[in-house]
Amino acid sequence: MYTPKTSSHFTPYQDPVTGVVTYILKNELAPLTQSFYFVNPSMTEDGRFLWFYCAFPPSGSAGNGRTLGLIDFETDEIVHFPETQFTSSSPAVDPKTGDLYWCNSKGIYKHAPKKGASVVFVASNPFLKASNGRMATHLTFSADRTELFLDGDMGDRWHMGSLRLADGIYTEWYSRDYCMDHAQFHPTDKDLVLFAEDLWTDKITGEHHTVRTRKSDGRYLRLWTIRRGEEPVSYPVYENHLATHEWWSRQGEKFYYCGGYKHNTGICSYNMNTGETVMEVLSPAWHGHSCRDDSLFTLDENDEFWRGCPSRTAFYNKRTEKKIYIISDNPSLFTKEQPSDYHTDPHPQFTADDRYIAHTTTVLGAVQFALTPVDQLIRMTQ
């Protein structure tokens, strides 16, 4: 089987500061390619199938208009599927089969990882009558693989619930009149979901709303879970700071988030068993992700934010408490006055059973998907 190193579709790039070698996807199918949102692996566990975002500026945007491409590392075949145009960051890949699920404004669809495969309709959009078209921030599977979780909006209310794959039936779990998003099924408990309270703008008045702070104790109300049939539960933030970009640990014992003040200062965790909240990685973090046993982390950083701002992508070995930059400088191809339309944050994530870190980079003068082998990063941080 081919690998990013032997595939004809990747270009090797060695970071000039750290020496880390990354394999960058040639933009053969589209002028812009990207990795998936960091909580959704885009590669099967066996490393055979890899899906990635495609965009054709100025067509579409991060909210609506990108499509999907596929590499089969068994044959080294690369294919673009224009029929996979998706909304938000909804695509999710079954890590066993490579089947792709995604949302558009009408519903959820499925595509097998094969050229010529037919699109399979899964379910209608339950929020279609009064919506901005978003069914899910990013789809996640239940632990028993029988459901997907949705977090959509309908008029001036946000709704969360599960959708059964067998028959497309949607079951509402909860709704309220301010933004809930980034919902993620727990990896081992099919009845538990992590979600965020987020910024939102009133569609009628244009009024901008921030994440609430609870008056009684000053808790920043970003972090929540909901159990099927129960009310949501909020969680404390490390030292009452801010929080953003959360994800479950692979075993589900903890959830992680990027926490700090105006600029995030590290990766924090909340332990579901003990109630302890700690700073796990003391390093600026914009987004983050962890490996299967929580001993390795990847993260990205920025000094000033706009879509397409300059950034860095890093690896942190918690066993040795050493950090190394995968990409020490992702230059900006956009300006603050004219930012990217395509949510081009690096969004690093462990993928293919932790053999690679997938991310988005701009080091070759374009927005491109990239894979960095993890084994070299472990050696370099011993």
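See the structure above.
Rules used in this analysis
- Residue numbers run consecutively from 1 along every chain, following the written order of its sequence.
- Where local features are concerned, this predicted model is filtered to residues with pLDDT of at least 70; where side-chain atom pairs are given and counted, the filter is 80 or more; whole-chain, interface and lining totals use all residues.
- Only hydrogens and water are removed before side-chain values are computed, so all heavy atoms of the structure are retained for them.
- Where helices and strands are cited, they refer to DSSP runs of H or I of at least four residues and of E of at least two residues respectively, numbered from the N terminus.
- The classification of residues rests on relative accessible area computed with a 1.4 Å probe and restricted to protein chains. Under 20% of the type maximum is buried, over 50% is exposed, and intermediate values are partly exposed.
- N or O atoms within 3.5 Å of each other form a polar contact, as long as, within protein, one can give a hydrogen and the other can take it, and as long as residues adjacent in sequence are counted only when both atoms are side-chain atoms.
- Pairing between strands is defined by DSSP: at least two bridges between them are needed.
- Axes here refer to lines fitted to C-alpha atoms; in helices the fit is confined to the stretch in contact. Angles between the N-to-C directions go from 0 to 180 degrees.

### Quick look at the environment of D303
In step 1: Mapped onto the secondary structure, D303 falls in the loop between β25 (296-301) and β26 (311-317).
In step 2: Residue D303 is classed as exposed on the basis of its relative accessible area of 55%.
In step 3: Separated by ten residues in the primary sequence, D303 and D293 have C-alpha atoms spaced 30 Å apart.
In step 4: Side chain to side chain, D303 and R312 meet in a polar contact 3.1 Å long.

### Remarks on unusual backbone geometry
In step 1: A cis amide bond links P57 to the next residue, P58, at an omega of 5 degrees.
In step 2: Within the secondary structure, P58 is located in the loop between β4 (49-55) and β5 (64-72).
In step 3: The backbone phi angle of E321 is positive, close to 60 degrees, even though this residue is not glycine.
In step 4: A relative accessible area of 61% means that E321 is categorised as exposed.

### A closer look at the sheet that holds strand β24 (residues 287-290)
In step 1: Pairing within the open sheet is antiparallel, and its four strands lie in the order β24-β25-β26-β27. Both outer strands of the open sheet, β24 and β27 (322-330), are each paired with one neighbouring strand and no more. Taking each pair of neighbouring strands and ignoring which way they run, the sheet shows an average axis angle of 15 degrees.
In step 2: Here four bridges tie β24 to β25, and the two strands are oriented antiparallel to one another. The partner of G288 across the bridge, within β25, is L299.

### A short note on the sheet that holds strand β2 (residues 21-25)
In step 1: With antiparallel pairing, five strands are arranged side by side in an open sheet as β1-β2-β30-β29-β28. The outermost strands of the open sheet, each flanked by one partner alone, are β1 (10-14) and β28 (349-351). Between one strand and the next, the sheet's axes are offset by a mean angle of 35 degrees, whatever the strand orientation.
In step 2: Relative to strand β30 (residues 368-373), strand β29 (residues 356-361) runs antiparallel, the two being bridged by six bridges. Bridge assignment links T361 to a residue of β30, and that residue is Q368.

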